[in-house]
Amino acid sequence: MSSRKTIFSSLITAFTITALLSCKAFAGYATILIYHKFGEKNSPSTSVSIKDFKKQMAYLKNHRYKVVPLKTIVDYLYKKQPIPDKTVAITIDDGYRSTMKAFKILKKYGYPFTLFLYAEGIARFPAYLTKEELKEIAKYPKVTFGNHSYKHLRFAKMIKTMPLDKYVKMIEEDTLKAQKRIEKLTGQKPEIYAFPYGEYNRVYIKTLKKLGFKALFSQDDAAVSYLTSPFFIPRKPVVGSWSKMKRFKKMLKKEPLPVIKHTPPIGYINNNTINIEAVIENPEDYKNCQIYISEKGWTKAEKYKNRVKLTKPIKINRWKNRISVECYNKKTKRFANYIWMIIH
């Protein structure tokens, strides 16, 4: 355990998101949408109706959103460039057969999109895309395929169940096996990876980075700014009750909160009593800050200079919690948030 703690502590600094640019407000931000199933009434919590999906794609066009390839957003992050306003990317996870319904609509608008594939399931299990369907999608010049693991297990949680070297080896083997199968079926070798269940830890991130991935994606309901790390990119889930048009519109309007660093760090932590604090850029622009913890709900936060924090430590019991810091931007008159996940 001592070697594990040493690695964890050294990684905290490596994965603290630090501001590299100085500007008084975001020129813009990107919203990355994540879908799973389409028109599947038997899966209400992970599906979006075809009617709503059509409305959403039309809304993006009619309101002049720029639907760009995921690579475009990643390039902005590597170049540390401000992101143009109203930038959107569309992603679909897993590779269910109902993806074909969405594919027809995406082609109609000429929208680029990314399909993160669950490698064990595709072209093998009945609920997933067949070889023929994958070949048809692969012919579309605006599609990119990403790695969504081979086994689709709760890899982030499994760090607590085995020695660190075995854990890293497991991640490497699963990921490379998925790479091989996805390339064979689509002709593309993925350069991007989406965490199964949107769950991650620092060792998991470091391992994928060493394997050569250029960008890693979560399922944290937040937008993307120039401060975002390429290895910790949030996406907004459009599923179930979250897929209705009213929420979809709000989703597009919520800004990223410019968090420079935060406590606790992302991923695995060694205790269940935590202090929560975020340091934000341009603090004078924000008011009415709150902090959300999955098992606790919303709590009014204390804002002092450039820090937003809870006034006292809290004890958490769930193995996984997402923490969201949200404030109101007085200049843009929009809410802004930043989210990360912890496990213990």
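Our structure's up above, just so we're on the same page.
Notes on the structure in this doc start here. (Residues numbered from 1 in each chain as written. Predicted model: local features only at pLDDT ≥ 70, side-chain atom pairs only at ≥ 80, totals over all residues. Heavy atoms only, no water.)

Examining the state of the cysteines
The condition is simple: Counting rule for disulfides: a pair of cysteine sulfur atoms within 2.5 Å. By definition, any uninterrupted DSSP run of H or I lasting at least four residues is a helix, any uninterrupted run of E lasting at least two residues is a strand, and each is numbered from the N terminus. Relative accessibility decides the category of a residue: with a 1.4 Å probe and only protein chains considered, values under 20% of the type maximum give buried, values over 50% give exposed, and everything between is partly exposed.
Inspection of every chain in the model, using the stated rule, returns one disulfide. At a sulfur-sulfur separation of 2.1 Å, the disulfide partner of Cys289 is Cys327. Its S-S torsion of about 110 degrees marks the bond between Cys289 and Cys327 as right-handed, since a negative value means left-handed. Within this pair, whereas Cys289 is found in strand 16 (residues 286-293), its partner Cys327 is found in strand 21 (residues 320-329), the two being separated by 38 residues in sequence. Both residues of the pair, Cys289 and Cys327, belong to the buried class.

As for the layout of surface pockets
Under the convention used in this document: Both site types are read off a 1 Å grid over the protein atoms alone. A 1.4 Å probe that fits but cannot get out defines a cavity, while an open set with protein on both sides within 12 Å along at least five of seven lines defines a pocket; lining residues have an atom within 4 Å of a point. Grid points are joined across faces, edges and corners, and a volume is the space filled by probe spheres set on the points. The nonpolar class holds Ala, Val, Leu, Ile, Met, Phe, Trp, Tyr, Cys and Pro. Asp, Glu, Lys and Arg form the charged class, and all remaining residues, Gly among them, are polar.
The space that makes up the largest pocket amounts to roughly 1200 Å³. In this structure, the largest pocket is lined by 40 residues; those nearest its centre are Gln219, Asp221, Pro237, Trp242 and Arg247. Of the residues contributing to the lining of the largest pocket, the split by class is 13 nonpolar, 10 polar and 17 charged.

Here we look at the nonpolar core
Put simply, the rule reads: Buried Ala, Val, Leu, Ile, Met, Phe, Trp, Tyr and Cys residues that are joined via side-chain atoms within 4.5 Å together make up what is termed a nonpolar core. By definition in these notes, contact holds between two residues if any of their heavy atoms fall within 4.5 Å.
With 46 residues, the main nonpolar core has Tyr204, Leu257, Ile276, Ile291 and Trp340 as its most contacted residues. Broken down by secondary-structure element, the contributors of at least two residues to this core are helix 6 (164-186), helix 7 (202-210), strand 15 (277-280), strand 16, strand 21 and strand 22 (334-343). Of all the elements, strand 22 adds the most residues to this core, at six residues. With residues up to four places along the chain from it excluded, the contact list for Ile276 reads Thr263, Pro264, Ile291, Ile293, Val308, Lys309, Leu310, Ile314, Ile323 and Trp340. By size, the runner-up hydrophobic cluster in this structure holds 39 residues, among which are Leu60, Ala119, Ile122 and Leu134.

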